[in-house]
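Chain by chain, the residues:
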Amino acid sequence: MYGKMKDYLSKTISEIKEAGLYKEERLIESQQQAHISVKGKDVLNFCANNYLGLSNHPRLIQAAKDMMDRRGYGMSSVRFICGTQDIHKQLEAAISDYFKTEDTILYAACFDANGGVFEPLFTEEDAIISDSLNHASIIDGVRLCKAKRYRYANANMEELEKCLKEAQAQRFRIIVTDGVFSMDGNVAPIDKICDLAEKYDALVMVDESHSAGVVGKTGHGVSELYGTYGRVDIYTGTLGKSFGGAMGGFTTGRKEIIELLRQRSRPYLFSNSVAPAVIGASLEVFKMLKESNEIHDTLVENVEYFRNKMLAAGFDIKPTQSAICAVMLYDAKLSQVYAAKMFDEGIYVTGFYYPVVPKGEARIRVQISAGHKKEDLDKCVNAFIKVGKELGVLK
Ligand SMILES: *Cc1c(COP(=O)(O)O)cnc(C)c1O
């Protein structure tokens, strides 16, 4: 049997390669940080989600080791059988405290949090109204639920209002959006979304994966940025980006919602508990972020510094309030050649083009970190200018 399938798979793989969509993996031979080693070459990393530069922070590494000594390596159980330690509850409380919510439930990943949030809460009587640029895990989560689906163009409030009007016949409605959209770096207009939700009697859910730790005066996410505390019903998020970058996800929000998820959410009920080392380091993250806002302040300064220098140099950058800067090139081939030349200059950035971004909107996405030094940012800007001149992007 496999012979036939093997031919089919090989053909599909060749088609992916011919379309130029085959994803290669670059091997990093160092820790995840601003300076990484790739094939023995030291390059500056501008494409990690390591916004707060915590991925190899000594305090997190120590906290992970300490917790492994205290609570062991693995849980070998799901939460409700014998996989809940005191530290899992402590981390859930720390996350609730950070987002000013009532309760939190941990998952192995935010992909699971989003995969397990809709089906327990909504039925065919209900409506899910989703932004067109929402993350794949939200799309998959919605697919697992029988609720009626509505979709509005990215951050388009007229279209959202239209969907809400159409969805009035349903029992419950929920508006679902990413906090920060990963390709443009734009922030969803949560204040306006909450206004519409109140007008049309809907719940609001925000995926804070790219926004938590980044947006808001002290980085606490969209509700800090827009003053929407108490108006967002559900937040999902990851421990795999700003908060140390290991792995793990969560849903946080209204207590009855979280309570029912513990009873019914399939990725929580049927998948392993988060390992003690990850819990230990995550507890340290939230402790550090409470002690001082220094790391977040550095991130904000770095983003400002980088953006101002790039704009002054004449680059076309999408407006952003996050740590994502989309340097627009518009041409798919150019984005790939540009990124390759940047790599030769010791700068690791990624070029994106259709179908990851709309046709004719190819770009290089730069992700700034609190772990970058001013000289790292200067080196990146200078490489952009040098390559930009070579390729005729800059005069
Ligand atoms: C990264 C990301 C996820 C997935 O998070 P994991 O914890 O890595 O599974 C989910 N939603 C959004 C918006 C993301 O950016």
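Each value, and the rule that gives it
- Residues numbered from 1 in each chain as written.
- Predicted model: local features only at pLDDT ≥ 70, side-chain atom pairs only at ≥ 80, totals over all residues.
- Heavy atoms only, no water.
- Patch = residues over 30% accessible without salt bridge, like charges linked within 9 Å, V, L, I, M, F, W, Y side chains within 5 Å.
- Areas by Shrake-Rupley, 256 points an atom, 1.4 Å probe, with all protein chains shown as cover.
- Salt bridge = Lys/Arg side-chain N within 4 Å of Asp/Glu carboxyl O.
- Helix = DSSP H or I, 4+ residues; strand = E, 2+ residues; numbered from the N terminus.
- Pairing = 2+ DSSP bridges.
- Axes fitted to C-alpha atoms, helices over the stretch in contact; angles between N-to-C directions.
- Contact = heavy atoms within 4.5 Å.
- Expected span 1.5 Å × (residues − 1).
- Buried < 20%, exposed > 50% of the residue type's maximum accessible area, 1.4 Å probe, protein only.
- Arc of directions from axis to C-beta.
- Core = buried A, V, L, I, M, F, W, Y, C linked by side-chain atoms within 4.5 Å.
- Lys, Arg positive; Asp, Glu negative; His and termini not counted.
- Near = heavy atom within 4 Å.
- Polar contact = N/O pair within 3.5 Å; in protein donor to acceptor, adjacent residues only side chain to side chain.
- Nonpolar A, V, L, I, M, F, W, Y, C, P; charged D, E, K, R; others polar.

## Let's talk about a nonpolar patch on the surface
Next up, step 1: A cluster of nonpolar residues, M1, Y2, M5, Y8, L9, I13, I16, L21 and Y22, forms a patch on the protein surface that exposes about 920 Å² of accessible area.
Next up, step 2: Secondary-structure assignment places Y8 in helix α1 (residues 2-18).

## Focus: the sheet that holds strand β6 (residues 173-178)
Next up, step 1: Judged by pairing direction, the sheet is mixed, and its seven strands sit side by side in the order β3-β9-β8-β7-β6-β4-β5 without closing on themselves. Every other strand in the sheet has two partners, leaving β3 (103-107) and β5 (148-152) as the edge strands with one partner each. Each strand axis lies, on average, 20 degrees off the axis of its neighbour in the sheet, ignoring direction.
Next up, step 2: Sheet analysis places β6 next to strand β7 (residues 203-207), joined by five bridges and oriented parallel. In the sheet register, I175 faces β7, and the bridge partner there is V204.
Next up, step 3: Taken strand by strand, helix α7 (residues 157-166) contacts β4 (127-131), β5 and β6, and its axis lies near 160 degrees from that of β5.

## Describing helix α13 (residues 294-312)
Next up, step 1: The end-to-end C-alpha distance of α13 is 27 Å, a good match for the 27 Å that 19 residues give at a rise of 1.5 Å each.
Next up, step 2: Three or more residues of α13 are buried, namely H296, L299, N302, V303, F306, R307 and M310. Taken end-on, α13 shows its buried residues confined to a sector of 120 degrees, consistent with a single buried face. Opposite its buried face, α13 presents the exposed residues E294 and A312, each directed more than 90 degrees away.
Next up, step 3: The elements touched by buried residues of α13 are β10 (324-330), β13 (362-367) and α15 (374-390).
Next up, step 4: In the segment just after α13, G314 is the residue with positive phi, at about 100 degrees.

## Structural notes on the nonpolar core
Side chains that are nonpolar tend, in soluble globular proteins, to be buried together.
Next up, step 1: Counting residues in hydrophobic clusters, the biggest one holds 85 residues, and the most contacted among them are F243, F306, V366 and F384.
Next up, step 2: In this view, F306 contacts C325, V366, I368, L377, C380, V381 and F384; residues no more than four positions away in its chain are not counted.
Next up, step 3: If you look at the next biggest cluster of nonpolar residues, it comprises 20 residues, including A113, V176, L261 and Y268.

## With respect to the side chain of K241
Next up, step 1: Note that K241 resides in the loop between β8 (234-238) and β9 (249-253).
Next up, step 2: No salt bridge is formed by the buried K241. Its closest oppositely charged neighbour is D207, at 6.7 Å.
Next up, step 3: Excluding residues that lie within four positions of it along the chain, K241 makes contacts with N49, N50, S209 and H210.

## Structural notes on the pairing of β8
Next up, step 1: Of all five residues that make up β8, five are buried, and the element is covered over most of its length.
Next up, step 2: Here β8 shows a buried face lined by I234, T236 and T238 and a second buried face lined by Y235 and G237.
Next up, step 3: In terms of strand pairing, β7 meets β8 through three bridges, oriented parallel. Counterpart to D207 in the pairing with β8 is T236.

## Here we look at the site of the ligand
Next up, step 1: The environment of the ligand is made up of 13 residues, and the closest members are C110, F111, D207, T238 and K241.
Next up, step 2: The side chain of T238 places a nitrogen or oxygen atom 2.6 Å from an oxygen atom of the ligand.
Next up, step 3: For the ligand, the accessible surface in isolation is 380 Å², of which the surrounding protein chains cover 82%.
Next up, step 4: Of all the elements, helix α5 (residues 110-115) adds the most residues to the shell around the ligand, at three residues.
Next up, step 5: Residues of the shell around the ligand, tallied by class, amount to three nonpolar, seven polar and three charged.

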